Amino acid sequence: MIQPAGRAASEGRRLDGRAAAAAIRAEVAAGVAAMAARSEPPPCLAAVLVGDDPASAVYVRNKLKACGETGLLSREHRLGAGAGRQELLGLLRSLNDDDAVDGILVQMPLPAGLDRREVIEAIDPAKDVDGFHPVNVGRLWSGGEGFVPCTPLGIVQLLDRSGVPLEGAEAVVLGRSEIVGKPMAALLLARHATVTVCHSRTPSLARIASRADLLVAAIGRPAFVTREFIKPGATVIDVGINQVGDEARARELFPHEPERAEQVRRRGYTLVGDVHPAHAAQRAGAWTPVPGGVGPLTVALLLSNTLKAARLRRASRRPQAEIP
Ligand code: GUN
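Residues numbered from 1 in each chain as written. Predicted model: local features only at pLDDT ≥ 70, side-chain atom pairs only at ≥ 80, totals over all residues. Heavy atoms only, no water.

> Could you clarify how one ought to interpret the sheet that holds strand β2 (residues 44–50) in this entry?
Hydrogen bonds between backbone groups are what pair the strands of a sheet, and the pairing can be parallel or antiparallel. Taking strand neighbours across the sheet as the criterion, the three strands line up as β3-β2-β4 in an open arrangement whose pairing is parallel. Pairing within the sheet leaves two strands with one partner each, and these edge strands are β3 (73–79) and β4 (103–106). If you compare each strand with its neighbour and ignore which way they point, the axes differ by 15° on average. Across four bridges, the pairing between β2 and β4 is parallel. Looking at the pairing, Ala-46 lines up with Ile-104 of β4. Lying over the sheet, helix α2 (residues 54–70) contacts β2, β3 and β4, oriented at roughly 160° with respect to β3. (Pairing = 2+ DSSP bridges. Helix = DSSP H or I, 4+ residues; strand = E, 2+ residues; numbered from the N terminus. Axes fitted to C-alpha atoms, helices over the stretch in contact; angles between N-to-C directions. Contact = heavy atoms within 4.5 Å.)

Put into structure tokens, the structure is as follows:
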């Protein structure tokens, strides 16, 4: 097989998240176009950003831009860092009641002083396109139909589209967050994988991880997953996004990508996930790069969940006889 220039001959397969995300976005755009053909308005996503966290502002901007590119409508609601509980809950009530709004997301993390749980529970579960509301969490774990968090849903889409089998696979999830680790475990269980969830208090992490046919790393520690965590030939999914600001470290992490050290020189950092990229490339059968792996899928599945919310809300309003 001919290898791209600069890559080691024995590299595992890179799973292209950008290509899978583009395919999902095209499917969403086709769904929106079909609504337009029936003279229905496009689905509408309302994004709420509280405070001035620059990373959150970038994420929300990317989500809104993706809506525009796919034909979805969007609204941005910005509240200052000092926004009170009543102001935010009042906004969510008005978005719940607004028939023109199909999906609502509140970008996390929230500023100190706001109760994440209370805020999530204030969103109408039928508009909860992040899948964070306990009603949707319960539906996911009990096998019902609801909204599933976008990152794990995107990972399953990527695995399916890449032909990675899940049934009977030994899967290890590193991280137990509400956004990634826990829903990832639920989705993999529903697909008949054998699932182990590890976290910061798990002893012998590497020993457990190295059993996995499918390893999902979502722990927020740069390049933490090194070769001894990876069973040869395993599929390794890297959910982390971390900055590395040291040129020598960038050269060690990316021996075949000299442009990474150059990025550190030019803009002060390069991005690395929770998995050591050179070790994954050497040992894994398939692995996701950072950037260009899981990241683009999160946004694509948010669009897909918003389309689904619009379909379900509109179907629930139609007389039964009209529902196909
Ligand atoms: N913060 C990090 N990931 C997410 C996400 O998927 N949705 C929201 N609302 N906030 C996040």
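Picking up where we left off.
> Before we go on, may I ask you to explain the pairing of β3 in this structure?
Consecutive side chains along a regular strand alternate between the two faces of the sheet. In terms of strand pairing, β2 meets β3 through seven bridges, oriented parallel. Across the sheet, residue Leu-45 finds its bridge partner in β3, namely Ser-74. With α2 bridging β2 and the parallel β3, this β-α-β connection has right-handed handedness. (Right-handed = clockwise from strand over helix to strand, strands pointing away.)

> Honestly, the packing of α2 against helix α12 (residues 295–317) in this entry has me stumped. Any pointers?
How two helices sit against one another is set out by the angle between their axes and by the gap between those axes. Where α2 contacts α12, the axes come no closer than 10 Å and their chain directions differ by 55°. As summarised for this structure, α2 and α12 are arranged oblique, according to the angle between their axes. Seen from above, α2 lies across α12 with right-handed handedness. Taken together, the residues of α12 that come into contact with α2 (itself represented by Asn-62, Lys-63, Ala-66, Cys-67 and Thr-70) are Val-299, Leu-302 and Leu-303. (Parallel < 35°, antiparallel > 145°, perpendicular 65-115°, else oblique. Left-handed = near helix turned anticlockwise from the far one by under 90°.)

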